[in-house]
Amino acid sequence: MPIMSIDPVRYPKAVIALGGNALIRPGEAGTLEEQRRRISEAMAHTADLVTAGFAAVLTHGNGPMVGQLLLQMECARATVPPMPLFMCDADSEGSLGYLIQQGLVNELHRRGVERGVATVITQVVVAADDPAFNFPDKPIGPFYAAAEATRLKTEQGWHLAEDAGRGWRRLAPSPRPLTIVEQRIIAYLLEGGIIVIAAGGGGVPVIRLPNGELRGVEAVIDKDRASAVLAGEISADLMIFLTAVEYVYVDYLQPGQRPLKRLSSAEAQQYLQDGQFATGSMGPKIESALEFLSRGGQRVLITQAEKLPEAMQGLIGTHIFP
């Protein structure tokens, strides 16, 4: 069956999740100019969707930037009190949101289009008793030598683990997102024609106290999972994951590797149960795609950022339907 192109009449509201490679590529230092260049490249494709008529929410990763913030604080801890991890989440969401917001406004301006773009610092509610808090498994921050890792474990109470022979890294809990605090604000902005940048880096993890107040917690939230929750809560029609590959593959990097072009949520679920999608790479995207479709979403596209125009025409990419 041929894959139909994606048009804004059938899928008017889209959530676009930018992968970390859209901001910093492997081997890059992550300088401001490198980030500006990568964001400018990504925003060219996003501007195509906006000018085509889609109402868009952009989400993005923040892994490398949080690592830089943690390293800066570690270097300056004798002079400046270090901030908790949820503050790093908020800081990176704001700074990256600014760069993406400016990059998209500039790209639209080059096309003669003047549209409002707003970044929303997004709080994401997690359960205080989520099992992830007892089993931190998300590597964050810089690499440490064994002796330094031992000191940090003793002095800071961190969980650390050796990472593929490259040194020791801090492990953070990654609880499951439950709901987006600012969902109504984001929906209101969309209805007013504003392009919204939200849930950057998975958003800022918070718990709701017995008295109803919100409080930040030491954790990081998977960006794709938070994006799926947000997409469901604002009744998006389309969800796009921009990543490093053109397709989702079965038997990935094996001699019989095969691209998946069109599949149902049931087929995606079966491949997931068969262990075809790694936990640290494609697994969370497929889980998030299924979450979105179960909440009423109509279509998911997973593809490479540079190939988005062809994928929107239905020529490449993995397209998942309910």
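Residues numbered from 1 in each chain as written. Predicted model: local features only at pLDDT ≥ 70, side-chain atom pairs only at ≥ 80, totals over all residues. Heavy atoms only, no water.

**Section: the pattern of salt bridges**
- Under the counting rule described, the total for this entry stands at twelve salt bridges.
- With its nearest N and O atoms 2.6 Å apart, the salt bridge here joins R111 to D48. Here the residue R111 occupies a position in the loop between helix 3 (85-110) and strand 3 (117-120), and D48 occupies one in helix 1 (residues 32-52), the gap between them amounting to 63 residues.
- R111 sits in the partly exposed class, given a relative accessible area of 33%.
- Assessed through its relative accessible area of 32%, D48 is described here as partly exposed. (Salt bridge = Lys/Arg side-chain N within 4 Å of Asp/Glu carboxyl O. Helix = DSSP H or I, 4+ residues; strand = E, 2+ residues; numbered from the N terminus. Buried < 20%, exposed > 50% of the residue type's maximum accessible area, 1.4 Å probe, protein only.)

**Remarks on the environment of I194**
- Tracing the sequence through the fold places I194 in the loop between helix 5 (183-191) and strand 9 (195-198).
- Once the C-alpha coordinates of I194 and A118 are considered, the two residues, 76 residues apart in sequence, prove to be 6.9 Å apart.
- Filtering out sequence-adjacent residues up to four positions away, I194 remains in contact with A56, G116, V117, A118 and L189. (Contact = heavy atoms within 4.5 Å.)

**Side note on the side chain of T46**
- As for its position among the elements, T46 is in helix 1.
- By relative accessible area, T46 is classed as buried at 1%.
- With near-sequence residues (within four places) excluded, T46 lies in contact with I16, L58 and L104.

**Some remarks on the sheet that holds strand 17 (residues 318-321)**
- Pairing is mixed across the open sheet formed by eight strands, whose spatial order is 3-9-2-1-12-16-17-15. Of all strands in the sheet, those with a lone pairing partner are strand 3 and strand 15 (262-264), marking the two edges. Strand after strand, the sheet turns through a mean of 20° between neighbouring axes, direction not considered.
- By the bridge criterion, six bridges tie strand 1 (residues 13-18) to strand 2 (residues 55-60) in an arrangement that is parallel. Looking at strand 2, one finds that L18 is bridged to H60.
- The strands that helix 7 (residues 265-273) touches are strand 15 and strand 17; relative to strand 15, the one it contacts most, it runs at about 90°. (Pairing = 2+ DSSP bridges. Axes fitted to C-alpha atoms, helices over the stretch in contact; angles between N-to-C directions.)

**Observations concerning the packing of helix 1 against helix 3**
- Remark: helix 1 packs on helix 3, axes separated minimally by 8 Å, with the N-to-C direction vectors making an angle of 55°. When the axes of helix 1 and helix 3 are compared, the pair comes out oblique. With respect to the hand of their crossing, helix 1 and helix 3 are arranged in right-handed fashion. Counted together, L32, Q35, R36, I39, S40, M43, A44, T46, A47, V50 and T51 of helix 1 and L96, Y98, L99, I100, Q102, G103, L104, E107, L108 and R110 of helix 3 form the full contact between these two elements.
- Tallied by class, residues from the contact of helix 1 with helix 3 come to twelve nonpolar, six polar and three charged. (Parallel < 35°, antiparallel > 145°, perpendicular 65-115°, else oblique. Left-handed = near helix turned anticlockwise from the far one by under 90°. Nonpolar A, V, L, I, M, F, W, Y, C, P; charged D, E, K, R; others polar.)

**Description of the pairing of strand 2**
- Among the six residues that make up strand 2, five are buried, leaving the element largely enclosed by the rest of the structure.
- As paired elements, strand 2 and strand 9 share two bridges and run parallel to each other. Note on strand 9: the bridge partner recorded for V57 is V196.

**Thoughts on the packing of aromatic side chains**
- Counted under the stated rule, the structure contains four aromatic pairs.
- For the ring pair Y144 and W158, a centre distance of 6.4 Å and an interplane angle of 50° mean the geometry is tilted. With Y144 in strand 5 (residues 138-144) and W158 in the loop between helix 4 (146-156) and strand 6 (159-162), this pair connects stretches of sequence that are 14 residues apart. The same class applies to Y144 and to W158, which are both buried.
- In this structure an aromatic cluster arises from ring pairing among Y247, Y249 and Y252.
- Directly above the aromatic system of W158 lies the positively charged group of R170, at a separation of 4.4 Å from the ring centroid. (Phe/Tyr/Trp six-rings, centres within 6.5 Å; stacked < 30°, edge-to-face > 60°. Lys NZ or Arg CZ within 6 Å of the ring centre and 35° of its normal.)

**A few points about the sheet that holds strand 7 (residues 168-172)**
- On the basis of which strands lie adjacent, the open sheet formed by three strands has the order 5-7-6 and antiparallel pairing. Since the sheet does not close on itself, it has two edges, and those belong to strand 5 and strand 6, each with one partner. Across the sheet, the mean angle from the axis of one strand to that of its neighbour is 35°, orientation sign disregarded.
- Sheet topology places strand 5 next to strand 7; four bridges connect them, and they run antiparallel. The residue bridging Y144 from the neighbouring strand is W168, located in strand 7.

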